[in-house]
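# Results of the structural survey
What follows is the residue order along each chain.
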Amino acid sequence: MPLPLDETGSVVGPPPVENPVWNGWDVLLIAGLTLLTLFIVEFATVIGARLLFFPRTSMADLAQRPVLALIGEFLSYIAVALYMIMLVEGKYHTSFWTAISWNWRSRRTLALLGLGVLTVSLDLLSRFLPMPKSTPFDQFFAHPTDAYLMAIFAVTFGPWMEELFFRGFLYPVLARRMGVFAAVLLTALPFGLIHYLQYKSWAAVLVITLVGVVLTVVRAVTKSVAASYLVHVGYNGTLMLLAAAATDGFRHMEKAALL
């Protein structure tokens, strides 16, 4: 069987598994912009809170308040999301949702959420790993109000932004250059690493990296960022529900160790 040739007579290879309109430099720019925006907006949020509401509270104490951290993160993510949209639609003149392969399929919603619930089984590995007894992330659950705000963020905007960046922007660039297998691993690894500061535990990073593998495989198989988002929501939501149930609605966090 003769090989297909292009108009110049060169052999035409198979099309890439992914072919996003953006490139790796765009992805690096988004990553850098995210870090810079988080720093600036978090700092501005603390300053604004001190000037308007807590003039007698030190900046250091305000910086430790979970609600201000969540507000700063939320505002930062909005700014980054707007930049993502402007990049795709302004620079490359392509529909944003089509370009990132959102591809929402409502008939799969329950199945994908269920897969997210099953993915929680990966957390059983923590029983055999040197997990810390307390982590910086615990401060978000010190009070019921903070815990509920964190739970809402963890099943809505948080996973949405993570999926847009890791499975929407990063994965297709890596898959085009290195193939699916390497792209899955190289997308899951930084996804796990960014959670290190929350837990200060390499064991926790390992577990989250494995979750990232599941999420990226879902994205690769379904060619849908919406699919990996639903699995992510199912995973986070299950953890939040288990924590709420084990602690009487986040009122007795000392019981979380039983979970």
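These remarks concern the structure in this document.

So, how was this worked out
- Residues numbered from 1 in each chain as written.
- Predicted model: local features only at pLDDT ≥ 70, side-chain atom pairs only at ≥ 80, totals over all residues.
- Heavy atoms only, no water.
- Core = buried A, V, L, I, M, F, W, Y, C linked by side-chain atoms within 4.5 Å.
- Buried < 20%, exposed > 50% of the residue type's maximum accessible area, 1.4 Å probe, protein only.
- Helix = DSSP H or I, 4+ residues; strand = E, 2+ residues; numbered from the N terminus.
- Contact = heavy atoms within 4.5 Å.
- Axes fitted to C-alpha atoms, helices over the stretch in contact; angles between N-to-C directions.
- Parallel < 35°, antiparallel > 145°, perpendicular 65-115°, else oblique.
- Left-handed = near helix turned anticlockwise from the far one by under 90°.
- Nonpolar A, V, L, I, M, F, W, Y, C, P; charged D, E, K, R; others polar.
- Salt bridge = Lys/Arg side-chain N within 4 Å of Asp/Glu carboxyl O.

Residues W22, M84, F141, M150, W160, M161 and F169 are the most contacted members of the largest nonpolar core, which totals 57 residues. Of all the secondary-structure elements, those providing two or more residues to this core are α1 (24–52), α3 (66–91), α4 (96–99), α6 (144–154), α7 (157–178), α8 (180–193), α10 (202–222) and α11 (225–246). The element best represented in this core is α7, accounting for twelve residues. Residues contacting W22, with those up to four places away along its chain left out, are V27, V88, Y92, A99, I100, G168, F169, P172, V173 and R176.

Attention now moves to the packing of α8 against α10. Axis separation between α8 and α10 bottoms out at 7 Å; the angle between their running directions is 140°. Judged by the inter-axis angle, α8 sits oblique to α10. As α8 packs across α10, the resulting crossing turns out to be right-handed. Each of V180, V184, T187, A188, L189, F191, G192 and L193 in α8 lies in contact with α10, whose residues at this interface are W202, V205, I208, T209, G212, V213, L215, T216, V217 and A220. For the contact of α8 with α10, the residue count by class is 13 nonpolar, five polar and no charged.

Below, the discussion takes up the pattern of salt bridges. Oppositely charged side chains can pair when the atoms bearing their charge come close. For the structure on display, the rule yields four salt bridges. Residues R219 and E18 are paired through a salt bridge, measuring 3.1 Å at the closest nitrogen-oxygen approach. Here R219 is found in helix α10, whereas its partner E18 is found in the segment before α1, with 201 residues between them in sequence. As far as burial versus exposure is concerned, R219 and E18 are alike and both buried. With a shortest N-O distance of 2.7 Å, E163 and R167 are connected by a salt bridge. In this pair, E163 and R167 both sit in helix α7, four residues apart, roughly one turn of the helix. When sorted by exposure, E163 lands in the same class as R167, which is buried.

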